[in-house]
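# Summary of the model geometry
Here is how the chains run, residue by residue.
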Amino acid sequence: MQSVKYFKFKALLLNDHWLSNAYVGVDINGNVAYLSATPPSAGFSVDVVDGFALPGFQNAHSHAFQYAMAGLAENHPAGTRDDFWSWREAMYQCALSVDPEQAEAIATMLYSEMVRHGYTHVAEFHYLHHDKDGGHYSNMAEMGARMVAAAKTACIKITLVPVFYQKGTFGQDPQPRQRRFISKSVDEYFKLFEASKEVIKYYDGASIAFSIHSLRAVDFNDIVTTVESMPADLPFHIHVAEQKKEVKDCFDHCGQRPMQWLLNNLPANERFHLVHSTHLDDDELGRLAKSGARVVLCPSTEGNLGDGIFRMKEYVKLGGRWSIGTDSHIGINPLEEFRMIDYRQRLVTNERNTFDGDAAHYMINEEVQSGRKAMGISAGNNFEIGLPFDALVIDAKAPLLSSTSIHNLTSTIVYSADTNYSLGTIVNGNWIVKRNRHIASQSIRTQFQSAVSQINNR
Ligand SMILES: [Zn+2]
């Protein structure tokens, strides 16, 4: 048996151009061992794929349990107000209803759907820690272990991000319905973090990062202590400035806006991944871009919740860096997230040139590079010898693509492809999804349907 297996793609997207007739060799560890337009020496069998290979996308922000309520908060009785805060009440109900087995089944279904859409790595921003009464499971990281197990079954890589969640809002004790999220102190959070480090050992594709839920969720002194005490090489994730009310509450509490407080009090740098960052003033935007910290945008969720619009065009002109996440999972298609990122800027600026040059290629490169930083793995190039071979493969025979020049290929895929254009998704050199069908889809769906019928919320 040959120790390196080979693929040939019609073209493969490098950082600055498409490599036509691309041969990729993958070693037994799933890493790229050969990358060239020249065939390997004779005698090797090659999987010839009539498709275009994009790098596997990085989903830098997920709350897996929320997938169980996707689409359920869209009925708005006339005369009532429905905003983020009323949605949050429905989300708390969902959070209180799932047990570990159900959480695993939901996450496995979700993660397999992510792979189907071309995500090959997810950062699970995980705060559903405790049992339904708020007590610790015998393994403090039981629920985190379930997320890792789900990722393993779905064949997606996972960065488990155990979240420190302590308070109800600025200066206030947590509400009873937040009881499954809470670590009372920095010490208690560290215990949870250490337990989480143990559970990632059960899957080669798992790694760890750390997190504060948001400035409203942890005492300011404890935020500083936590960030100072964590290993300097781990990514740090936090929600910040998602909602106008949150900005006002923060200002009322401490006289500073959330991003202002963060930049004044924490050593923001490229390991900081700031989720949403929706409401920023000019000073915050400039300082954020200069800090090296990166923003994680979740356009479909931000739109669904009515958060507001991040100032992307100005931020990128200032040198700002960003990745994407699917957050509540109301949408899990990375190409749709790219379109929303661009179109919401076009709608507010009345201009079409959100980004200079080939916007589609720029967005893919940026998402993949900053996304990998959010996972705490090597950013490298889109495809590189020594890095895992993870790819979304688009059908070269799809109607628009079969007659499109290489020059217009990336933009045609990003702005007009749907999932019917997908030939499949490769993780570590293995086809995990082919023609929209996951290798374990039957058992994953059965488990998911059983869990959802038990929860009985749909
Ligand atoms: Zn979130």
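Residues numbered from 1 in each chain as written. Predicted model: local features only at pLDDT ≥ 70, side-chain atom pairs only at ≥ 80, totals over all residues. Heavy atoms only, no water.

Here the focus is the pairing of strand β9 (residues 210–214). Extensive coverage of β9 is indicated by the burial of five of its five residues. With two bridges joining them, strand β7 (residues 157–164) and β9 adopt parallel strand pairing. Across the sheet, F164 pairs through a bridge with I212, a residue of β9. Where β9 and strand β10 (residues 236–240) come together, four bridges link them in parallel fashion. Its bridge partner being in β10, F210 is matched across the sheet by F236. Following the chain from β9 across helix α5 (residues 220–229) to the adjacent parallel β10, one finds a crossover that is right-handed. (Buried < 20%, exposed > 50% of the residue type's maximum accessible area, 1.4 Å probe, protein only. Helix = DSSP H or I, 4+ residues; strand = E, 2+ residues; numbered from the N terminus. Pairing = 2+ DSSP bridges. Right-handed = clockwise from strand over helix to strand, strands pointing away.)

This part covers a nonpolar patch on the surface. Together, I309, Y343, L347 and V348 make up an exposed nonpolar region whose accessible area comes to about 390 Å². Its location among the elements puts L347 in helix α11 (residues 334–349). (Patch = residues over 30% accessible without salt bridge, like charges linked within 9 Å, V, L, I, M, F, W, Y side chains within 5 Å. Areas by Shrake-Rupley, 256 points an atom, 1.4 Å probe, with all protein chains shown as cover. Salt bridge = Lys/Arg side-chain N within 4 Å of Asp/Glu carboxyl O.)

With that out of the way, let us pick up the sheet that holds strand β16 (residues 430–434). Taking strand neighbours across the sheet as the criterion, the eight strands line up as β3-β2-β1-β4-β14-β15-β16-β17 in an open arrangement whose pairing is mixed. Both edges of this open sheet fall to β3 (32–36) and β17 (437–438), since each of them pairs with a single strand only. The pairing of strand β4 (residues 46–55) with strand β14 (residues 391–395) spans five bridges and is antiparallel. Residue pairing across strands places F52 opposite I394, the latter belonging to β14. Its contacts with the sheet put helix α13 (residues 409–416) on β1 (5–13), β2 (18–26), β4 and β14, and the angle it makes with β2 is roughly 80°. (Contact = heavy atoms within 4.5 Å. Axes fitted to C-alpha atoms, helices over the stretch in contact; angles between N-to-C directions.)

What follows deals with the coordination of the zinc ion. Donor atoms from the polypeptide that coordinate the zinc ion comprise H61 (NE2), H63 (NE2), H239 (NE2) and D327 (OD), at 2.1 to 2.6 Å from the metal. With four donor atoms in place around the zinc ion and angles of 80 to 171° between them, the coordination shape is irregular. Between consecutive donor residues of the zinc ion, the sequence gaps follow H-x1-H-x175-H-x87-D. Here H61, found in strand β5 (residues 57–62), pairs with D327, found in the loop between β13 (321–324) and α11; they are 266 residues apart in sequence, far enough to count as distant. (Donors = N, O, S within 2.8 Å, 3.2 Å for Na, K, Ca; no water. Tetrahedral: all angles 85-135°; square planar, octahedral: opposite > 155°, others 65-115°.)

Attention shifts here to the environment of S3. Mapping S3 onto the fold places it in the segment before β1. Excluding residues within four positions of it along the chain, S3 makes contact with V26, D27 and I28.

So, on to the packing of aromatic side chains. Taken as a whole, this structure holds 28 aromatic pairs when the rule is applied. Aromatic side chains F57 and F338 sit 5.7 Å apart centroid to centroid with 70° between the ring planes, which places their arrangement in the edge-to-face category. You can see F57 sitting in strand β5 and its partner F338 sitting in helix α11, a full 281 residues away along the chain. Here F57 falls in the buried class, since its relative accessible area comes to 0%. Here F338 falls in the buried class, since its relative accessible area comes to 0%. In this structure an aromatic cluster arises from ring pairing among F7, F9, F383, F389 and W431. Its guanidinium or amino end placed over the ring of W85, K245 lies 5.0 Å from that ring's centre, counting from NZ or CZ. (Phe/Tyr/Trp six-rings, centres within 6.5 Å; stacked < 30°, edge-to-face > 60°. Lys NZ or Arg CZ within 6 Å of the ring centre and 35° of its normal.)

Further remarks concern the pattern of salt bridges. This structure, assessed with the given rule, holds 25 salt bridges. Notably, a salt bridge pairs R146 with E104, separated by 3.0 Å at the nearest N-O pair. Of this pair, R146 sits in helix α3 (residues 142–154) while E104 is found in helix α2 (residues 100–116), placing the two residues 42 residues apart along the sequence. Taking the relative accessible area as the measure of exposure, R146 reaches 18% and is therefore buried. The shortest N-O distance in the salt bridge between R346 and D342 comes to 2.8 Å. Remark: D342 and R346 occur in helix α11; sequence separation between them is four residues, near one turn of the helix. Note on accessibility: R346 and D342 belong to one class, buried.

Inspection of every chain in the model, using the stated rule, returns five cavities of 30 Å³ or more. For the largest cavity, the lining is made up of 18 residues, of which F84, W87, H213, H239 and E242 are closest to its centre. Of all the elements in the fold, those that place two or more residues in the lining of the largest cavity are α1 (84–97) and α9 (299–305). If one sorts the elements of the lining of the largest cavity by residue count, α1 sits on top with five residues. Taken together, the residues of the lining of the largest cavity sort by class into eight nonpolar, six polar and four charged. (1 Å grid on protein atoms, 1.4 Å probe; cavity = no way out; pocket = protein on both sides within 12 Å on 5 of 7 lines; lining within 4 Å. Points joined across faces, edges and corners; volume = space filled by probe spheres on them. Nonpolar A, V, L, I, M, F, W, Y, C, P; charged D, E, K, R; others polar.)

Attention now moves to helix α6 (residues 244–254). Taken together, the buried positions of α6 are occupied by E246, V247 and C250. Projected down its long axis, α6 shows its buried positions confined to an angular sector of 100°, all on one face. Seen from the buried face of α6, the exposed residues on the opposite side, beyond 90 degrees, are K244, K248 and D252. Each element contacted by the buried residues of α6 is listed here: α1, α5, β10 and α7 (258–265). Positive phi shows up at G255, right after α6, with a value of about 80°. (Arc of directions from axis to C-beta.)

So, about the side chain of D342. Taking relative accessible area as the criterion, D342 reaches 1% and is therefore assigned buried. Not counting residues within four places of it along the chain, the set of residues in contact with D342 comprises R352, T354, A359, M363 and Y415.

Everything listed here is a matter of coordinates, which is why it stays silent on function.
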